[in-house]
Amino acid sequence: MQATATQTLTAMLNKQIANCGILYVKLHNYHWFVKGDTFYELHAKFEELYDEISAFLDELAERLLTINGKPLATLRDYLQHATVTEASGNETAQQMVQTIANDFATIIEELKQGIQRAEQENDQATADILIGMRKKLEKHRWMLTAFLAR
């Protein structure tokens, strides 16, 4: 028997799908437009991050489909539901790193709530996905924050 996503669980997963969609585009922007003495370091890091975010996006959407939900799948929907914002296009390298660290902090807090919700609904598989994302984003946030403390 296949589980059915509740509206709350669907909304929570779709918010993170939207956040991943926005971050994927934002990280590409930063990857392409970063400049300065940290170019090589950040160019590579932003690529690593957008690859990871892409994997999160796919995993979240496939999980939502598995539990009979419908994932958001347009940029318009992402912009309407995300709690992170797209790049302005004018960020310095330092601002890029700070913005991503802040975005990760926002998502980490939302993931904590999502994990609790999934566990309340006895959906350990969804909770496990969110726990994995949280663990990775917490490490990235720590590293980005350490980079800013140079």
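Keep in mind that what you see is a predicted model, and the values were worked out from it rather than measured.

K.L.:
Break down the overall build of the protein for me, citing the residues and quoting the values.
P.N.:
Summing up its helical and strand segments, the protein has five helices and zero strands in all. Secondary structure elements in the protein, listed N-terminal to C-terminal, are α-α-α-α-α. Against the 2.2 N^0.38 benchmark of 15 Å for 150 residues, the protein shows a C-alpha radius of gyration of 16 Å, consistent with a compact globule. Judged by the C-alpha coordinates and their principal axes, the protein covers about 55 × 30 × 20 Å. In the protein, which comprises 150 residues, the proportion classed as buried is 45%. Considering only contacts within the protein whose residues lie at least 6 apart along the sequence, 81% involve residues at least 24 apart. In the structure as shown, the protein presents an accessible area of about 8,400 Å², 51% of it carried by carbon and sulfur atoms. Computed over 15 positive and 20 negative side-chain charges, the inter-centroid distance for the protein is 3 Å.

K.L.:
Report on the packing of aromatic side chains, specifying residues and quantitative values.
P.N.:
Going through the model one piece at a time under the given rule, you end up with three aromatic pairs. Taken together, a centroid distance of 5.7 Å and an interplanar angle of 55° make the contact between Y30 and F46 tilted. One end of the pair, Y30, is in helix α1 (residues 7-33); the other, F46, is in helix α2 (residues 39-66), with 16 residues separating them in the sequence. The buried category is assigned to Y30, whose relative accessible area is 0%. When the ring of F39 is compared with that of Y40, the centres are 5.2 Å apart and the planes differ by 75°; the resulting orientation is edge-to-face.

K.L.:
Provide a residue-level description of the environment of K136, including the pertinent values.
P.N.:
Along the chain, the position of K136 falls in helix α5 (residues 124-148). Those residues in contact with K136, other than ones at most four positions away along the chain, are E52 and F56.

K.L.:
Describe in detail the pattern of salt bridges, supporting the description with residues and values.
P.N.:
A complete count under the given rule lists six salt bridges for this structure. Notably, a salt bridge pairs K112 with E109, separated by 2.9 Å at the nearest N-O pair. Here K112 pairs with E109, and both are found in helix α4 (residues 93-120), just three residues apart, close to one helical turn.

K.L.:
Please set out α1 residue by residue, giving values where relevant.
P.N.:
The terminal C-alpha atoms of α1, which comprises 27 residues, lie 39 Å apart, in line with the 39 Å expected from a rise of 1.5 Å per residue. Most of α1 sits out of view: 19 of its 27 residues are buried.

K.L.:
Can you lay out α5 for me, pointing to particular residues and giving the numbers?
P.N.:
With 25 residues, α5 extends 36 Å between its outermost C-alpha atoms, agreeing within 8% with the 36 Å of an ideal straight helix rising 1.5 Å per residue. Taken together, the buried positions of α5 are T126, A127, I129, L130, M133, L137, H140, L144 and F147.

Definitions and limits used
- Residues numbered from 1 in each chain as written.
- Predicted model: local features only at pLDDT ≥ 70, side-chain atom pairs only at ≥ 80, totals over all residues.
- Heavy atoms only, no water.
- Helix = DSSP H or I, 4+ residues; strand = E, 2+ residues; numbered from the N terminus.
- Rg over C-alpha atoms; globule rule 2.2 N^0.38 Å.
- Buried < 20%, exposed > 50% of the residue type's maximum accessible area, 1.4 Å probe, protein only.
- Contact = heavy atoms within 4.5 Å.
- Areas by Shrake-Rupley, 256 points an atom, 1.4 Å probe, with all protein chains shown as cover.
- Lys, Arg positive; Asp, Glu negative; His and termini not counted.
- Charge placed at Lys NZ, Arg CZ, Asp CG, Glu CD.
- Phe/Tyr/Trp six-rings, centres within 6.5 Å; stacked < 30°, edge-to-face > 60°.
- Salt bridge = Lys/Arg side-chain N within 4 Å of Asp/Glu carboxyl O.
- Expected span 1.5 Å × (residues − 1).

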